[in-house]
Each structure stands twice: as C-alpha cells, then as structure tokens.
Amino acid sequence: MFSKVLIANRGEIALRILRACKELGIETVAVHSTADAHAMHVRLADESVCIGPPPAGESYLNIPQILAACEITNADAVHPGYGFLSENARFAEILEAHNIGFIGPKSEHIRVMGDKIQAKQTAESLGIPVVPGSDGAVRSLEEARKVAEEIGYPVLIKAAAGGGGRGMKVAENADVLATALSTAKSEAKAAFGDDAMYMEKYLGKPRHIEVQVFGDGKGNAIHLGERDCSLQRRHQKVWEEAPSPALNVEAREKIGKVCADAMAKLGYSGAGTIEFLYENGEFYFIEMNTRLQVEHPVTEAITGIDLVHEQLRIAAGGELSVKQEDIQFEGHAIECRINAEDPRTFMPSPGTITHYHTPGGLGVRVDSGVYQGYKIPPYYDSLIGKLIVHGRSRVDCMMRLRRCLDEFVVDGVNSTLPLFRDLIDHQDIANGAYDIHWLEKYLELD
Ligand code: MV4
C-alpha cells in the first residue's frame, strides 16, 4: 500500500479521500490555493502545501506545482478526486514518469474515453450497446445527410472533444442539417480547438442512468449497480439515486454484466462510470467517466463498499476486495447536492456561512468541506455539501430525506435546500417518474 498520498483537490472530495487514507493508515498531504488557506482539507491533512493563487489554472491545475509538492513531501501517490486533473491523461503519464502513483485508470484508457468518438467505438467493440449513428466522425455535409437518412430525424450532432453537454446541436429535419452542422463545428472549434463531429439518433425523453464499474487492471472487473442522474439542470446533476426507479433486477443484472465484462476485456484499472441514456427499456452508451464521481456515495450506501478504499487498493497493485457474487444491493439511497446558489435561478452565492447545522441519525451522511463561519470563495464550484440518505425502501428513503431537509440549516448564503424541500413533495418525484428534461421544465413553470 502507499505510505503517503497527496490529494490534488479541494472541498468535500478532498475530505472524502483524506478519510479513506486515514482509515487505511496512509499519511495525507493537502495542496491548496491561497484562497483555501482556511479550508477544512488543509486542517485535517497531516501536511499541506500552498501551490498558487486562487485561479484553478494557477493552483489546482498547475502540474509543475503539484509535482513539486509531491517531491518536497515525499508523497508516493496522487489522488486527483473529480474535476481538475482527474481526467488528464498527460498528468497521469507525468506522474508515472516520476515514479509517483496515479490513483486512477491507465493513461491510455483516460485518453481513449476523453475522445467521445473513440470512446463510443471502443464501447461498441466491447459489446456495450450504443446510440445508432455515424460510424466514427462525419467528415462532410454529404456524409451527414446520408447518415441522417439512414437513422432518421431528429439527429444530434456532437463534438468528439465535447462531453458534459458542450458542443451539441439537434437537427429536427433535413432543412436545418447544414446549419446545425456548421454551427456545431464552429462552436466546437472555438471551445475545444477541435471540430471533429459525430452524429446520433436524437433520443427525446431518455433517463440518464450510469453504471459504476471497477477493474483490477489484470482482466478482472465488477459492477456496483447503477445510479439514476436524470434530475439535472444545464448538465449539472442536482439529485441522484440508486437504484434507478426505472429498472428491475433483471435489467440491472443484464446491463451490469455487459459493463463488467467489457471492463474485464479492456483491462481497465480502478473506478469508472459508464453513462447511458435509457429509453423504452433500452440502454444506449453515451460516454465513460474515468474518475470517482460526485455521486459515488449513493452506490456506497446500497452496497456497503467504500469506493475510495477500493481505488487505493487497486492503484497500489492490490486486488478488488469483493467478487461480483458477494455484492448485494440493499435498500435505496438519494443524494441531494446542496449548492451555494439561488434555489430557482442557480446564481452562485459565495460568502460567509453564518449558521450551519447538518442533519444526522441512522442512514444519514453529509459529505461537506464547510463549517460555521467558513467563507465560500467565488473561484470554484458552488458545492456546499452532499446530503446522502439511505432507507430500506425508496419510500423510507424519501421520508428520511424530508426529515433531513427540515433539519439542515445553511444561513448567510443562498442554498438549493428550498428546491429540495419542494421537490420531495412533488408527485412525479414520489413516483420516480422523471426524465432528463423534467427538472428544467419544472423550473420554467414559475
Ligand atoms: C444525447 C441526448 C439525446 N440523444 N444523445 C448531453 C451530455 C452528454 N453527456 C450527452 N448528452 C445527451 N446526449 C442522444 N443521442 C441527450 C443528451 C442530454 C443529456 C444527457 C444526459 C443528462 C442530461 C442531458 C441533458 C440534455 C441532453
């Protein structure tokens, strides 16, 4: 096992990783920007290193500074968390070249999944179902027309370098295809410096369901079930739950096995998430994330498996601690992302938290990096914390969540808590009857 891990992140995820390291007897190094000198991850780590000024580009994304911090603290591995350098293949390679462990997948797999065309081709070759569409890139309008005629309108034009919703354009019919393609191309060129595009059948009312996988890098892999992340606004997830209200045991086992077998074949190492659109009982691969995700705690709640422990074991050359047949899914878990934002407009609301009280009790977890008196800086994402509630059934989970939302106090800044207090009483939410557009439609209604 590693003896000292540097955590190249901040906020709640830095604390989450720190806790796992402490439990495994691993020493921890926090890095921070000057804006985060008073952050909780700095206080709780064994050592800390200031790596630069507030802008992430000069601190949390600053590879030379992070390498220097590894060197002066003698850290033998880096955990990147999510965001920042977590899906930067070059960073993983640089660490390897310096004989420092990267707590994540092989750099080749990060790179392949970062290119959405290659990711889709790889997924398809591994037996994962994909959305009907172009075979690789579309190189001309003529080619785009041919593909669209084959798969039928509406079609969606996507950027190879995109992901997370950026660089996409819907074409409802043949008349608007040329405009959609050229707009999408120039937006992609401006945003990513890469205008390679591909095309898919546009799915109108899908759910967003993702499968958690783990590989040991030696040809063994497992799945830990799915999460339903359909409740989102502008590609920011708001509420995630496991299991998905839309799946039964057979559907879960079937897609889970497809994903685990694919990862075994690939020789994938560490944690991964395979994202699908789910419509009319069918799964369609869209992307794969090669990192630990924000919403991983709902999977931990229903499986009892600590995903960061697993990541650390595997990155250190160990084996998965569980076999597929030993994994059982128990009850239901929901995560609410409590952001420092207006609960209707989602305008960021940085500032000082004057009062802070978190709920507790059986089946309740709050992952947060803040405390009463903490000043949320304006430079980073606006996540205050995540409320994760577990119950024996979805109904029990919802009742417990309602109670927790009543207990939770965040004063001094706007928070999204009032949104969740509204959502929990909505009939569609109670029924699990929502798709990826539900929340945006709901928010438009007033
Ligand atoms: C789609 C789609 C409909 N049809 N692909 C958006 C982000 C990127 N990960 C893929 N996305 C979508 N791809 C086809 N063929 C609709 C979306 C989409 C979406 C997907 C997941 C979660 C939220 C979303 C919100 C809008 C659009």
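Above this text is the structure in question.
Not measured: the values here are computed from a predicted model.

Caption draft 1: Quick look at the overall build of the protein chain. From N to C terminus, the protein chain includes 15 helices and 20 strands. Here the C-alpha atoms of the protein chain give a radius of gyration of 22 Å, agreeing with the 22 Å that 2.2 N^0.38 yields for 446 residues. Taken along its principal axes, the extent of the C-alpha atoms in the protein chain is 60 × 50 × 45 Å. In the protein chain, the share of contacts with a sequence separation of at least 24, taken over all contacts with a separation of at least 6, comes to 66%. Once the 46 positive and 63 negative side-chain charges of the protein chain are each reduced to a mean point, those two points are 1 Å apart.

Caption draft 2: Structural detail: helix H9 (residues 249-266). Between the first and last C-alpha of H9 there are 26 Å, a value that for 18 residues agrees with the 26 Å anticipated at 1.5 Å per step. Of the positions making up H9, those classed as buried are Arg-252, Ile-255, Gly-256, Cys-259, Ala-260, Ala-262 and Met-263. Summarising the axial view, the buried residues of H9 lie within an arc of 160°, below the 170-degree limit, and thus occupy one face. Exposed side of H9, more than 90 degrees from the buried face: Glu-250, Glu-253, Lys-254, Lys-257 and Lys-265 are the residues found there.

Caption draft 3: Here's a closer look at the pattern of salt bridges. Summed over the entire model, instances satisfying the criterion amount to 24 salt bridges. Where Asp-425 meets Arg-402, a salt bridge forms, and the shortest distance between an N and an O atom there is 3.1 Å. Within this pair, whereas Asp-425 is found in the loop between helix H13 (417-423) and helix H14 (427-431), its partner Arg-402 is found in helix H12 (residues 394-407), the two being separated by 23 residues in sequence. What makes Asp-425 exposed here is its relative accessible area of 55%.

Caption draft 4: Quick peek at the state of the cysteines. Applying the stated criterion to the full structure yields zero disulfides. You can see Cys-50 has no disulfide; the closest cysteine sulfur is in Cys-70, sitting 15 Å from it. The exposure class of Cys-50 is partly exposed, given its relative accessible area of 40%. Residue Cys-229 stays outside any disulfide, its sulfur separated by 13 Å from that of Cys-336, the closest cysteine. Taking relative accessible area as the criterion, Cys-229 reaches 1% and is therefore assigned buried.

Caption draft 5: Up close: the packing of helix H5 (residues 107-114) against helix H6 (residues 116-125). The geometry of H5 relative to H6 is characterised by a closest axis approach of 5 Å and an angle of 105° between their N-to-C directions. By the criterion of interaxial angle, the relationship of H5 to H6 is roughly perpendicular. In contact with Val-112, Met-113 and Gly-114 of H5, H6 contributes Lys-116, Gln-118, Ala-119 and Thr-122. Taken together, the residues of the contact of H5 with H6 sort by class into three nonpolar, three polar and one charged.

Caption draft 6: Representation of the environment of Tyr-442 in the model. You can see Tyr-442 is positioned in helix H15 (residues 438-444). For the pair formed by Tyr-442 and Met-398, sequence separation is 44 residues and the distance between their alpha carbons is 19 Å.

Caption draft 7: Highlighting the sheet that holds strand E6 (residues 155-163). Spatially, the three strands line up as an open sheet ordered E7-E6-E8, and their pairing is antiparallel. With partners counted over all chains shown, the strands left at the sheet margins are strand E7 (166-171) and strand E8 (197-201), one partner each. Sheet twist, expressed as the mean angle between neighbouring strand axes with direction ignored, is 25°. Pairing geometry for E6 and E7, over five bridges, is antiparallel. Its bridge partner lying in E7, Leu-156 is registered against Val-170. Running at roughly 50° to E8, H6 makes contact with E6 and E8 of the sheet.

Caption draft 8: Quick look at the sheet that holds strand E12 (residues 269-279). With antiparallel pairing, the eight strands of this open sheet are ordered in space as E13-E12-E9-E10-E11-E14-E19-E17. In the strand order of this sheet, the two ends are held by strand E13 (282-289) and strand E17 (364-368), each with one partner. Here the strands of the sheet are splayed against their neighbours by 25° on average, with no regard to which way each runs. Each of strand E9 (207-216), strand E10 (221-233), strand E11 (236-242), strand E14 (332-339), E17 and strand E19 (383-391) is contacted by helix H10 (residues 296-303), which is oriented at about 155° to E14, the strand it contacts most. The strands that H12 touches are E11, E14, E17 and E19; relative to E19, the one it contacts most, it runs at about 140°.

Caption draft 9: Just the site of the ligand, in detail. Surveying the vicinity of the ligand reveals 18 residues, the closest of which are Lys-158, Glu-200, Lys-201, Leu-203 and Glu-287. Contact distances for the ligand include 2.9 Å between a nitrogen atom and a backbone N or O atom of Leu-203. In isolation the ligand offers 520 Å² of accessible surface; the protein chains occlude 92% of this area. Among the secondary structure elements, those contributing two or more residues to the shell around the ligand are E6, E8, E12 and E13. For the shell around the ligand, a count of residues per class yields eight nonpolar, five polar and five charged.

Caption draft 10: Structural context of the pairing of E10. Most of E10 is tucked away, with 13 of its 13 residues classed as buried. Note: E9 against E10, six bridges, orientation antiparallel. Bridging across to E10, Glu-210 finds its partner in Arg-227. In this antiparallel pair of consecutive strands, E9 and E10, the connection spans four residues, and Gly-217 shows a positive phi of 80°. As paired elements, E10 and E11 share four bridges and run antiparallel to each other. Bridge pairing in E11 places Leu-231 opposite Trp-239. The hairpin formed by E10 and E11 contains two residues between the paired strands, and Arg-234 there has a positive phi angle of roughly 45°.

Rules and cut-offs
- Residue positions are given per chain, counting from 1 as you read along its sequence in written order.
- pLDDT decides what is reported in this predicted model: residues at 70 or higher carry local features, side-chain atom pairs at 80 or more are listed and counted, and totals for whole chains, interfaces and linings draw on all residues regardless.
- Note: side-chain values were computed over all heavy atoms of the structure, leaving out hydrogens and water.
- Each helix is a run of DSSP H or I of at least 4 residues and each strand a run of E of at least 2, with the numbering of both proceeding from the N terminus.
- In this description the radius of gyration comes from C-alpha coordinates, and the expected globular size is given by 2.2 Å times residues to the power 0.38.
- Contacts: residue pairs with any heavy atoms within 4.5 Å of one another.
- When charges are counted, neither His nor the chain ends are considered; positive counts come from Lys and Arg and negative counts from Asp and Glu.
- Lysine's charge is taken at NZ, arginine's at CZ, aspartate's at CG and glutamate's at CD.
- Multiplying 1.5 Å by the residue count of a helix minus one yields the expected span of that helix.
- When a residue's accessible area, from a 1.4 Å probe over protein chains only, is under 20% of the maximum for its type it is buried; when over 50% it is exposed; and in between it is partly exposed.
- The directions considered for the arc are those from the helix axis to the C-beta atoms.
- Counted as salt bridges are all cases of a side-chain nitrogen of Lys or Arg within 4 Å of a carboxyl oxygen of Asp or Glu.
- Two cysteine sulfurs form a disulfide in these notes if their separation is within 2.5 Å.
- Lines fitted to C-alpha atoms define the axes, with helix axes restricted to the stretch in contact, and inter-axis angles between N-to-C directions lie between 0 and 180 degrees.
- Roughly parallel means an angle under 35 degrees; roughly antiparallel means over 145; roughly perpendicular covers 65 to 115; every other angle is labelled oblique.
- Gly is put with the polar residues, along with every residue not named as nonpolar or charged; the nonpolar set is Ala, Val, Leu, Ile, Met, Phe, Trp, Tyr, Cys and Pro, and the charged set is Asp, Glu, Lys and Arg.
- Strands pair, by our definition, only if DSSP identifies at least two bridges between them.
- A single heavy atom is enough: if one lies within 4 Å of a molecule or strand, its residue is considered near that molecule or strand.
- Definition of a polar contact: a pair of N or O atoms within 3.5 Å, with one able to donate and the other able to accept a hydrogen when the atoms are protein atoms, and with sequence-neighbouring residues admitted only if both atoms are side-chain atoms.
- Accessible areas in this description were obtained via Shrake-Rupley with a 1.4 Å probe; residue shielding takes into account the shown protein chains only.

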